[in-house]
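# Descriptive analysis of the structure
This is what each chain is made of:
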Amino acid sequence: MPHTVYTSAIVQAPLAKVWPLFRDFNGLAGWHPGIAQSRLEEGGRHDAVGSVRYLSLKPSGFVREQLLMLDDPGTALRYSIIETDLPMRDYVAGVTLRAITENGATLVEWWADFRVEDGADLQAVAAAVGQGVFAAGLAALDEKLRA
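Just so it is clear, the structure is predicted and the values come from calculations on it, not from any experiment. (Residues numbered from 1 in each chain as written. Predicted model: local features only at pLDDT ≥ 70, side-chain atom pairs only at ≥ 80, totals over all residues. Heavy atoms only, no water.)

### Looking at the packing of helix H1 (residues 15-23) against helix H2 (residues 122-146)
In plain terms, the rule: Between the N-to-C directions of two axes lies an angle of 0 to 180 degrees, each axis being a line fitted to C-alpha atoms and, for a helix, fitted only over the stretch in contact. Only runs of H or I of at least four residues qualify as helices and only runs of E of at least two qualify as strands under DSSP, and these elements are numbered from the N terminus. Note that the term roughly parallel is reserved for angles under 35 degrees, roughly antiparallel for angles over 145, roughly perpendicular for angles of 65 to 115, and oblique for everything else. Crossings are assigned a handedness: left-handed for a near helix turned anticlockwise from the far helix by less than a right angle, right-handed for a clockwise turn. Residue contacts follow a heavy-atom distance rule, with two residues in contact if any of their heavy atoms lie within 4.5 Å. Any residue outside Ala, Val, Leu, Ile, Met, Phe, Trp, Tyr, Cys, Pro, Asp, Glu, Lys and Arg is labelled polar, Gly included; the first ten of those are nonpolar and the last four are charged.
Viewed as axis vectors pointing N to C, H1 and H2 meet at an angle of 130°, and their least axial separation amounts to 11 Å. Looking at the two axes, H1 sits oblique to H2. As H1 packs across H2, the resulting crossing turns out to be right-handed. When H1 is examined against H2, the residues Lys 17, Val 18, Leu 21 and Phe 22 are found in contact with a partner set consisting of Leu 138, Leu 141 and Leu 145. Residue classes in the contact of H1 with H2 are distributed as 6 nonpolar, no polar and 1 charged.

### A short note on the nonpolar core
Stated precisely, the cut-off is as follows: Here the nonpolar core consists of buried residues drawn from Ala, Val, Leu, Ile, Met, Phe, Trp, Tyr and Cys, with membership extended through side-chain atoms lying within 4.5 Å. The cut-offs for exposure are 20% and 50% of the maximum accessible area for each residue type, with area from a 1.4 Å probe on protein chains only; residues under the lower value are buried, those over the upper are exposed, and the others partly exposed.
Grouped together as the largest cluster of nonpolar side chains are 35 residues, with contacts concentrated most on Val 18, Phe 22, Tyr 91 and Phe 114. Counting only elements with at least two residues in this core, the list comes to strand S1 (3-11), H1, strand S3 (52-57), strand S4 (62-71), strand S5 (76-84), strand S6 (88-100), strand S7 (105-116) and H2. With 7 residues, H2 is the single largest residue contributor to this core. For Tyr 91, the residues in contact, after removing those within four places along its chain, are Tyr 79, Ser 80, Ile 81, Ala 112, Asp 113, Phe 114, Val 129 and Phe 134.

### Comments concerning the sheet that holds S6
The cut-off we apply is this: Criterion used throughout: strands pair if DSSP finds at least two bridges between them.
Across the sheet, which stays open at both edges, the 7 strands sit in the order S1-S7-S6-S5-S4-S3-S2 with antiparallel pairing between neighbours. Only two strands of the sheet have a single partner each, and these edge strands are S1 and strand S2 (35-40). Strand-to-strand twist of the sheet, defined as the mean angle between neighbouring strand axes without regard to direction, takes the value 20°. Contacting S1, S4, S5, S6 and S7, H1 runs over the sheet at an angle of about 160° to S6.

### What to know about unusual backbone geometry
Lys 58 connects to Pro 59 through a cis peptide bond whose omega is 0°. In this fold, Pro 59 is placed in the loop between S3 and S4. Even without being glycine, Thr 75 reaches a positive phi, approximately 40°. By the element assignment, Thr 75 lies in the loop between S4 and S5. Residue Thr 75 is classed as buried on the basis of its relative accessible area, which comes to 8%.

### Digging into the side chain of Asp 142
Assignment of secondary structure puts Asp 142 in helix H2. Among the residues examined, Asp 142 registers a relative accessible area of 13% and is labelled buried. Leave out the neighbours within four places in its chain, and Asp 142 touches Ile 10, Val 11 and Gln 12.

### Remarks on the side chain of Ser 80
For Ser 80, the position within the fold is in strand S5. Here Ser 80 falls in the buried class, since its relative accessible area comes to 10%. Sequence-distant contacts of Ser 80, that is, excluding residues within four places in its chain, are made with Arg 64, Glu 65, Gln 66, Leu 68, Tyr 91 and Val 92.

On their own, these measurements won't tell you what the molecule is for.
Quick look at the structure:
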């Protein structure tokens, strides 16, 4: 059965500053504390649907992800994991950003649907995605943009 993880946060920066950091499919290592290195494979472009990125994770591990959708007017993107050493499969995730006109901040919604490998602890994997990837990334992004 698929499992969904959803996280949202307010980033205290305008949409025009936040969106470029997400839409750069190869830029995650520049702001996410869990990413040691990111590289695009086979000459892929950072904003081209179909591009594949290879992420080296901290403290160890890897993920290969493919950009499935990039919607600049809607400030949204979708990607999938195509290979990982983590105990999950059928992983599809998305990010949507919305301007908060009241104070110039940005609402970021980040979600993923996935299945865990047989024998894997669903709660541990869901916490790793929700807290370790999404919440930690959004907190680091907010801190980076406030500096």
